[in-house]
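# Observations on chain architecture
Given next are the chains, with one letter for each unit.
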Amino acid sequence: MKVDNFLEFFNFSNSIQSYEKINYGGTEIPKYALEEVIDEPGNKEYNYYSYNFKTDNYNMRRLYWNEGIFTHYLYHQKRDELQKMLNDGSLYKTIMQQVIDTDKKIDDTVKKLENSNNDIQLAKRNNDTEKYKKLLNNLRLIVREDVYKNMVFV
């Protein structure tokens with residue numbers, strides 16, 4: 001994204017920016033920035049911008065789904081930690097690592113619980129693939145909520 005486009009569309013009042021600034025033609029622009037946006041149906045999403053010195057442009061990544069959950073928590077509950085990660089440029093890497101760790105924990109827990117759940121085992125033995133998938137997805141949602149409470153929101 002060209003810097004001019006960034007300056008035109010970026011909502012400075014609804015964002016957190018790194019303290020490090022870059023002088024771009026007499027204008028101070030943030031090296032890293034995180035913008036909270038509301039999409040069409042009204043969901044919160046986050047745009048992460050990092051300035052690329054080689055191309056003199058911004059790289060932009062949209063953080064939603066699992067990345068958005070962690071970003072939302074940081075944005076609204078752990079602002080100081082978020083600011084620190086923006087300042088040192090580790091925000092995106094930290095968020096992605098958190099998502100990987102959380103997903104692994106969810107998968108491991110679902111696997112353990114799947115083996116002890118009678119309904120899931122019965123659906124599996126009866127080759128009722130549709131019911132098996134539904135039960136497994138439901139179990140995953142339950143586990144996901146608990147894992148996020150214990151891993152992310154601490």
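Everything below is about the structure printed above this text.
Report on the accompanying structure. (Residues numbered from 1 in each chain as written. Predicted model: local features only at pLDDT ≥ 70, side-chain atom pairs only at ≥ 80, totals over all residues. Heavy atoms only, no water.)

## A closer look at unusual backbone geometry
This is how the line gets drawn: Put simply, DSSP H or I for four residues or longer makes a helix, DSSP E for two residues or longer makes a strand, and each gets a number counted from the N terminus. The buried label applies to any residue whose accessible area, calculated with a 1.4 Å probe on protein chains only, is under 20% of its type's maximum; exposed applies above 50%, and partly exposed to all values in between.
Positive phi outside glycine occurs at Asp56, with the angle close to 55 degrees. Positionally, Asp56 belongs in the loop between strand 5 (44-52) and strand 6 (57-63). The exposure class of Asp56 is partly exposed, given its relative accessible area of 41%. Phi angles above zero are rare outside glycine, and Trp65 is one such case at about 55 degrees. Relative to the helices and strands, Trp65 resides in the loop between strand 6 and helix 2 (66-77). On the basis of relative accessibility, which here comes to 68%, the residue Trp65 falls in the exposed class.

## Description of the packing of helix 2 against helix 3 (residues 79-88)
A pair of packed helices is captured by two measures, namely the crossing angle of their axes and the spacing between those axes. Just so we agree on the cut-off: Between the N-to-C directions of two axes lies an angle of 0 to 180 degrees, each axis being a line fitted to C-alpha atoms and, for a helix, fitted only over the stretch in contact. Throughout this description, any angle smaller than 35 degrees is read as roughly parallel, any larger than 145 degrees as roughly antiparallel, any in the 65 to 115 degree range as roughly perpendicular, and the remainder as oblique. The contact criterion used throughout is that any non-hydrogen atoms of two residues lie within 4.5 Å. As a working rule, the residues Ala, Val, Leu, Ile, Met, Phe, Trp, Tyr, Cys and Pro are called nonpolar, Asp, Glu, Lys and Arg charged, and the rest polar, with Gly in that last group.
Remark: helix 2 packs on helix 3, axes separated minimally by 6 Å, with the N-to-C direction vectors making an angle of 110 degrees. With respect to each other, helix 2 and helix 3 are oriented roughly perpendicular. Counted together, Leu74, Tyr75 and Gln77 of helix 2 and Arg79, Glu81, Leu82 and Met85 of helix 3 form the full contact between these two elements. Of the residues assigned to the contact of helix 2 with helix 3, the class counts are four nonpolar, one polar and two charged.

## Re the pairing of strand 3 (residues 27-30)
Here is the rule we go by: What makes two strands pair is DSSP finding at least two bridges between them.
In this sheet, strand 3 lies alongside strand 2 (residues 21-24) in antiparallel orientation, the contact comprising four bridges. The residue of strand 3 that forms the bridge with Tyr24 is Thr27. Between the antiparallel neighbours strand 2 and strand 3 lie two residues, among them Gly25 with a positive phi of about 60 degrees.

## Quick look at helix 3
We count it as follows: Arc definition: it is the arc formed by the directions from the helix axis to the C-beta atoms.
Of all the positions in helix 3, only Leu82, Gln83, Met85 and Leu86 are classed as buried. Mapping the buried residues of helix 3 onto a view down its axis gives an arc of 165 degrees, with all of them on the same face. Seen from the open side of helix 3, the exposed residues pointing more than 90 degrees away from its buried face are Asp80 and Lys84. Taken together, the buried residues of helix 3 touch strand 1 (15-17), strand 4 (32-38), strand 5, helix 2 and helix 4 (91-116). A positive backbone phi angle near 75 degrees is found at Gly89, which sits one or two residues after helix 3.

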